[in-house]
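Each chain, letter by letter, is given below.
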Amino acid sequence: MSHEKANRLKEWALSNGHAPVHVQAASLAFFILANNPAESWAAMVDRTIHIHGKFYGVDDTGVEEAIDYETILPLFRDGGFNGTIVSEWEGHAYDTRDAFQQVRRHQAMCKRILTL
């Protein structure tokens, strides 16, 4: 279970002198990352009215660095999604880039993909 793995990491890291803030950032991996195929989202599109558009960083070219939005968002677009997407920048845990700029980039990326 994710919480068990996170607790083991926390115990080990703290006992080995790692800073609590770093342990917390590393623990995110146990709770917000998944290895599901992007196509698995297609089965839920007809019931989806709201999406938490988590992202970790949108680069200068308008591409999210960790999540395959180029594959995921067309599934929603083509499935008739017309709800809302809330930009949720998770990079704040370790990244010093401007948060407002990151949100603007994320929203521009989503608009670009959804209107292709």
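Residues numbered from 1 in each chain as written. Predicted model: local features only at pLDDT ≥ 70, side-chain atom pairs only at ≥ 80, totals over all residues. Heavy atoms only, no water.

**Comments concerning the nonpolar core**
So the rule is basically this: Definition of nonpolar core: a set of buried residues of the types Ala, Val, Leu, Ile, Met, Phe, Trp, Tyr and Cys, connected through side-chain atoms within 4.5 Å. The buried label goes to any residue with under 20% of its type's maximum accessible area, the exposed label to any with over 50%, and the partly exposed label to all in between, with areas taken from a 1.4 Å probe on protein chains only. Every helix listed is a DSSP run of H or I at least four residues long, and every strand listed is a run of E at least two residues long, numbered separately from the N terminus.
Formed by Phe55, Val58, Tyr69, Leu73, Trp89, Met109, Cys110 and Ile113, the largest nonpolar core amounts to eight residues. Where this core is concerned, the elements lending two or more residues are helix 4 (69-78) and helix 5 (99-114). Take this core: its biggest share by element is three residues, from helix 5. Judged by nonpolar contacts, the second largest core, of six residues, contains Ala38, Val45, Ile51 and Phe76.

**A word on the environment of Asp78**
Heads up, the rule is: Throughout this description, a polar contact denotes any pair of N or O atoms lying within 3.5 Å of each other; where both atoms belong to protein, one of them has to be capable of donating a hydrogen while the other can accept it, and for residues adjacent in sequence the pair is counted only when both atoms sit in side chains.
Mapped onto the fold, Asp78 is located in helix 4. With 36 residues separating them in the primary sequence, Asp78 and Ala42 have C-alpha atoms 9.2 Å apart. In this structure the side chain of Asp78 is engaged in a polar contact, spanning 2.8 Å, whose partner is the side chain of Arg77.

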